[in-house]
Amino acid sequence: MSSSALGIAVLVFSASTVFLWGAMLMLREVGAHAGARYRAGVSETAEAAWLRITPEQLLALSLLSAFALVLPVVILFPFWLLALFAGMVGLGIPPTLLRLAKRRRDARFGEQLV
């Protein structure tokens with residue numbers, strides 16, 4: 001890997017890290033009502049799935065998964081619309097997995113009752 005490619009990779013990583021840090025700060029300041037609704041929904045879903053995960057942990061996992069999908073897309077394909085799509089998909093992965101775990105738990109519980 002040439003030094004210019006390494007420099008670009010470091011620059012992209014640094015910019016992404018600063019962006020994620022800023023996004024975390026902005027999300028922390030999101031309205032109290034929306035934040036309370038989000039926390040209540042995540043807490044109810046996690047409890048129903050018998051998982052011990054806090055809303056803050058789920059948010060951090062969502063941001064990490066978005067970053068993990070965006071970084072390779074940005075490095076391999078300099079197409080920002082594709083990177084934006086990958087980030088949106090990454091944000092949705094942890095909440096989707098949480099809902100799937102809840103459905104599995106509900107199905108097992110229903111099977112026990114029959």
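Computed from a predicted structure; not experimentally measured.

**Things to note about the confidence of the model for the protein**
For the protein, the average pLDDT comes to 77, and 77% of its residues sit at 70 or higher. The spread of mean pLDDT over the elements of the protein runs between helix α2 (residues 32–48), the lowest at 64, and helix α3 (residues 55–76), the highest at 85.

**What to know about the layout of surface pockets**
Space inside the largest pocket adds up to approximately 550 Å³. The set of elements that each furnish at least two residues to the lining of the largest pocket consists of α1 (3–28), α3 and α4 (80–113). No other element matches α1, which puts nine residues into the lining of the largest pocket. In terms of residue class, the lining of the largest pocket is built from 20 nonpolar, four polar and no charged.

**Digging into α4**
Over its 34 residues, α4 runs 50 Å from end to end, which matches the ideal 50 Å to within 8%, given 1.5 Å per residue. The set of residues buried in α4 consists of Ala-83, Ala-86, Gly-87, Gly-90, Pro-94, Pro-95, Leu-98 and Ala-101.

**Considering the nonpolar core**
Val-12, Leu-20, Leu-63, Phe-67, Leu-71, Val-73, Val-74, Ala-83 and Ala-86 form the largest nonpolar core, which has nine residues in total. Of all the secondary-structure elements, those providing two or more residues to this core are α1, α3 and α4. A total of five residues in this core trace back to one element, the largest contributor, which is α3. Excluding residues within four positions of it along the chain, Ala-86 makes contact with Leu-69, Val-70 and Val-73.

**Digging into the packing of α3 against α4**
Orientation of α3 relative to α4, taken along the N-to-C sense of each, is 150°, at an axis distance of 7 Å. Between α3 and α4, the angle is such that the two are roughly antiparallel. Regarding α3 and α4, the two cross each other, and that crossing is right-handed. Note on element contacts: α4 touches α3 through Trp-80, Leu-82, Ala-83, Ala-86, Gly-87, Val-89, Gly-90, Leu-91, Ile-93, Pro-94, Pro-95 and Leu-98, opposite Leu-58, Leu-61, Ser-62, Leu-63, Ser-65, Ala-66, Leu-69, Val-70, Val-73 and Val-74. Along the lines of polarity and charge, the residues of the contact of α3 with α4 split into 18 nonpolar, four polar and no charged.

What counts and what doesn't
- Residues numbered from 1 in each chain as written.
- Predicted model: local features only at pLDDT ≥ 70, side-chain atom pairs only at ≥ 80, totals over all residues.
- Heavy atoms only, no water.
- pLDDT = per-residue confidence, 0-100.
- Helix = DSSP H or I, 4+ residues; strand = E, 2+ residues; numbered from the N terminus.
- 1 Å grid on protein atoms, 1.4 Å probe; cavity = no way out; pocket = protein on both sides within 12 Å on 5 of 7 lines; lining within 4 Å.
- Points joined across faces, edges and corners; volume = space filled by probe spheres on them.
- Nonpolar A, V, L, I, M, F, W, Y, C, P; charged D, E, K, R; others polar.
- Expected span 1.5 Å × (residues − 1).
- Buried < 20%, exposed > 50% of the residue type's maximum accessible area, 1.4 Å probe, protein only.
- Core = buried A, V, L, I, M, F, W, Y, C linked by side-chain atoms within 4.5 Å.
- Contact = heavy atoms within 4.5 Å.
- Axes fitted to C-alpha atoms, helices over the stretch in contact; angles between N-to-C directions.
- Parallel < 35°, antiparallel > 145°, perpendicular 65-115°, else oblique.
- Left-handed = near helix turned anticlockwise from the far one by under 90°.

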